[in-house]
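Below are the chains, spelled out letter by letter.
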Amino acid sequence: MIRFEHVSKRYGDSLVLDDLNLEIATGEFTVLIGPSGCGKTTTLKTINRLIEPDKGKIFIDDQDTSQIDKVKLRRSIGYVIQQIGLFPNMTVEQNISVVPKLLNYDKARCNEIVRELLALVNMPYEEYAHKYPSEMSGGQQQRIGVLRALAASPPIVLMDEPFGALDPMTRRILQDEVSKLQKKLNKTIVFVTHDMDEALNMADKIIFMNKGKIVQMAAPEEMLENPADDLIRSFMGKHSIDNESLPQTAADFMRSDIYSCYRNRGVREAIQQMARRKVDTLLVKNLDETYAGTVSIKNIRNHGKDMKTIEPLITQENAVSYVDEDAQVCFDKLLNGQDSYVVVLNHDQTIAGIVTKTSMAKSLADAVWGDSQ
Amino acid sequence: MSHFIALYGKRLSSAIITHFWYVVISITIAFIIAFILGILLSRMPRRANLILPVISVFQTIPGIVFIGLLFLYNGMVPSTVVIALTIYAIFPILKNTYVGIINVSEDFKEAAKGCGMSPFQILMKVEVPLALPSIITGLRISTVYTVSWAVLAAMIGLGGLGELIYAGVSSNNNTLIIAGAIPAAIMALLFSLAIDLLRKALIPKQLRRDNK
Ligand SMILES: Nc1ncnc2c1ncn2[C@@H]1O[C@H](COP(=O)(O)OP(=O)(O)OP(=O)(O)O)[C@@H](O)[C@H]1O
Ligand SMILES: [Mg+2]
């Protein structure tokens, strides 16, 4: 477990880390995200003491890191940086064995580690071990960078925008590889990125920072559903289900192109209207335009053939909602009841529209994927 | 030709050997001093920016003046030549060592630090290897110059190929001048080749394509 207690860091006048408190559980994949300059890298580097905080303490498994020898501490924490982290004067094998060698592992063991790790990412030892970084693609180099960080089996691995310079395809592949490695090897990973896609794809927990502070710390789904502020929402971009523009009331889901008739109309006229519109019920209005009820073809067939007007056949059993009623309540009426629609009324009892399953689905789709027109 | 060899052969071969040793000894000492000094300066770049120009001033003192002064102070012994040559040879190596190390990208140093290397390990495993092309270039410059500066040794009667050249100049004997100059040129070339071999041995070819 990694724990920050009141960690602050100042460069000149600017407070880069502002009283950070956080906890990262063992085996968890934590992603630090936020706008440029918000202090992600600084936060990461305070963990392996590449940067010393001015105030506050950081504990790893309840041990105060400021009491551990820096060099020793760093050998027990994997560290991957963007782009050119590999030493160009060393081969793949030498790069991967840097930390094991610092820890005085013998040659045979180093070689064994290199073989095992290369196998993990499907890079044959014979083909790659003796290559220099300059002879490999960016994606391959970054894979080796990750392997180097894993070589001495550190329980914690820090990654600072490790895939920032890669094309989207390679990036995606490496994200999946790292996710798999993390699950397989059960590492605690702290991963910095700018990219919400990457965060959502990989994180168990996302820590969103701004101006040296934590704005929100949550699981990806939780952050998607309830972004703490507009900045996070804008980072979420297309992913977010925006609560404010999300349809909220019955009115947002209804269709208003409805067929209705006055209560004093003849049965035959009603039947004709239904046939013409291809519907099996009509909404019925009082003469003052207020809602009277519905009349269905079934009712007419059973009772109404010899009646003059539809008036006696009007029922008020159909579910009714009001324009400003919560959409969810309206949906419940629709989904749990027998009726094929819910009638939505204005407060003056006039008819505003109806909510059908189709209109509901369409409005939801518009909200999620943008307006279809 | 055989006439020449009969006449000067012995003198020539001893001059070549003396010249060779002047160069090898001075360059070896100069390299050790310059390498260490270059590393020390790279640890304090701010002061290095003041110190390096001061050292470079030495370079502008004409060789004859310097070796003459040293002769007055140290006497007519081979060490006078070696000291003078060493001092001249230091600067190119020093400067290239310093610049080479200073120019190693922060990213590599930070990666090394993050891996848990101590400052000394970072220096030996990352900074020096990456500065090596530049250091070796400095070594070559110094060596080639030293071969020609060693000619000055004869000025204070301490042998080397300069002896033939001076003798030739003072007696108006062109053959002698050429007999001194051509072996010096060849020696410079051979040293240069030797350093090239060293470079190939020390630097993996993937890092060599730039000839810094
Ligand atoms: N050595 C330093 N001296 C002065 N200011 C610094 C130093 N290092 C970082 N800063 C400042 O501290 C702030 C946080 O830097 P940090 O590198 O942690 O940001 P970041 O969130 O990683 O940004 P990015 O996404 O651009 O990498 C920035 O405003 C930066 O300019
Ligand atoms: Mg950063």
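Keep in mind the model is a prediction, meaning the values are calculated, not measured. (Residues numbered from 1 in each chain as written. Chains lettered and ligands numbered in written order. Predicted model: local features only at pLDDT ≥ 70, side-chain atom pairs only at ≥ 80, totals over all residues. Heavy atoms only, no water.)

### What about the environment of Tyr145(B)?
Residue and element names in this part refer to chain B. Formally: Runs of E in the DSSP output that reach at least two residues are strands. Runs of H or I that reach at least four are helices, and both are numbered from the N terminus. Only protein chains enter the accessibility calculation, which uses a 1.4 Å probe; a residue whose area is less than 20% of its type maximum is buried, one above 50% is exposed, and one in between is partly exposed.
Relative to the helices and strands, Tyr145 resides in helix α6 (residues 119-149). According to the relative accessible area criterion, Tyr145 is partly exposed, its value standing at 41%. Along the sequence, Tyr145 and Ala112 sit 33 residues apart, while their C-alpha atoms lie 36 Å from each other.

### Topic: the site of ligand 1
All names here are of chain A. This is how it is decided: A cutoff of 4 Å decides nearness: a residue is near a molecule or strand if any of its heavy atoms lies inside that distance of it. Within 3.5 Å is the distance limit for a polar contact, defined as a pair of N or O atoms, with the added protein rule that one can donate a hydrogen and the other accept it, and that residues adjacent in sequence qualify only through two side-chain atoms. Only the protein chains shown count as covering a residue, and every accessible area follows the Shrake-Rupley method with a 1.4 Å probe. Following the grouping adopted for this structure description, the nonpolar residues are Ala, Val, Leu, Ile, Met, Phe, Trp, Tyr, Cys and Pro, the charged ones are Asp, Glu, Lys and Arg, and the polar ones are all others, Gly among them.
Around ligand 1, the surrounding shell consists of Tyr11, Val16, Ser36, Gly37, Cys38, Gly39, Lys40, Thr41, Thr42, Glu161 and His194. Here an oxygen atom of ligand 1 and a side-chain polar atom of Lys40 are 2.7 Å apart. In the complex, the protein chains occlude 57% of the 630 Å² of accessible area that ligand 1 would expose alone. Element by element, the count of residues in the shell around ligand 1 is highest for helix α1 (residues 40-47), at three residues. Here the shell around ligand 1 is built from residues that sort into three nonpolar, six polar and two charged.

### Some remarks on unusual backbone geometry
Most peptide bonds take the trans configuration, and most residues that are not glycine carry a negative phi. All names here are of chain A. Even without being a glycine, Asp19 presents a positive backbone phi close to 50°. If you trace the backbone, Asp19 turns up in strand β2 (residues 14-24). In this structure, Asp62 takes a positive phi of about 65° despite not being glycine. Looking at where Asp62 falls in the secondary structure, it is placed in the loop between β4 (55-60) and β5 (63-64).

### Points about the domain arrangement of chain A
The following threshold applies: In this entry, domain limits derive from an automatic or database-based domain assignment.
Taken domain by domain, chain A comprises domain 1 (2-239) and domain 2 (250-368). For domain 1 of chain A and domain 2 of chain A, the distance between their C-alpha centres works out to 59 Å.

### Considering the sheet that holds strand β16 (residues 351-356) of chain A
Residues and elements named next belong to chain A. For clarity, the threshold we go by: Pairing between strands is defined by DSSP: at least two bridges between the two strands are required. Orientation is described by lines fitted to C-alpha atoms, with helices fitted over the stretch in contact, and by angles between N-to-C directions that extend from 0 to 180 degrees. We call two residues in contact whenever any of their non-hydrogen atoms come within 4.5 Å of each other.
Spatial strand order, β14-β15-β16: three strands in an open sheet with mixed pairing. Each end of this open sheet is capped by a strand with a single partner; those strands are β14 (320-322) and β16. In this sheet, adjacent strand axes meet at a mean angle of 30° when their direction is disregarded. In this structure, strand β15 (residues 341-345) lies alongside β16, joined through five bridges in antiparallel fashion. Residue pairing for β16: Leu345 is matched across the bridge by Ile351. Sheet strands in contact with helix α15 (residues 327-336) are β14, β15 and β16, and its direction is about 145° off that of β15.

### Quick word on helix α5 (residues 107-120) of chain A
Counting along an α-helix, one turn takes 3.6 residues, and residues three or four places apart therefore face a common direction. Residues and elements named next belong to chain A. Convention followed: A helix is expected to reach a length of 1.5 Å times the quantity of its residues less one.
Here α5 spans 20 Å end to end across 14 residues, near enough to the 20 Å set by a 1.5 Å rise per residue. The inward-facing, buried residues of α5 contact α3 (92-96), α4 (98-102), α6 (125-128) and α7 (138-150). Of the residues flanking the start of α5, the one acting as N-cap is Asp106, its side-chain oxygen 3.3 Å from the backbone nitrogen of Ala108. Following α5 by one or two positions, Asn122 adopts a phi angle in the positive range, close to 55°.

### Focus: the environment of Ile32(B)
All names here are of chain B. When you line up the elements, Ile32 lands in helix α1 (residues 2-43). On the accessibility criterion, Ile32 (49% relative accessible area) is partly exposed. Each C-alpha atom of the pair Ile32 and Ile186 lies 25 Å from the other, and the pair is 154 residues apart in sequence.

### Let's talk about the interface of chain B and chain A
As a reminder of what qualifies: By buried area we mean how much accessible surface two parts lose on assembly, using a 1.4 Å probe and totalling the loss over both. Salt bridge, as applied in this entry: a Lys or Arg side-chain nitrogen positioned within 4 Å of an Asp or Glu carboxyl oxygen.
The interface is formed by 21 residues belonging to chain B together with 23 residues belonging to chain A. Both faces combined, the contact of chain B with chain A buries some 1900 Å², and carbon together with sulfur accounts for 67% of it. Applying the counting criterion to the chain B and chain A interface returns one salt bridge. We note a salt bridge from Glu110(B) to Lys45(A), for which the minimum N-O separation is 2.7 Å. At the level of elements, α5 (106-115) and α6 of chain B are the ones that each hand at least two residues to the side of chain B that touches chain A. Looking at the side of chain B that touches chain A residue by residue, the classes come out as ten nonpolar, six polar and five charged.

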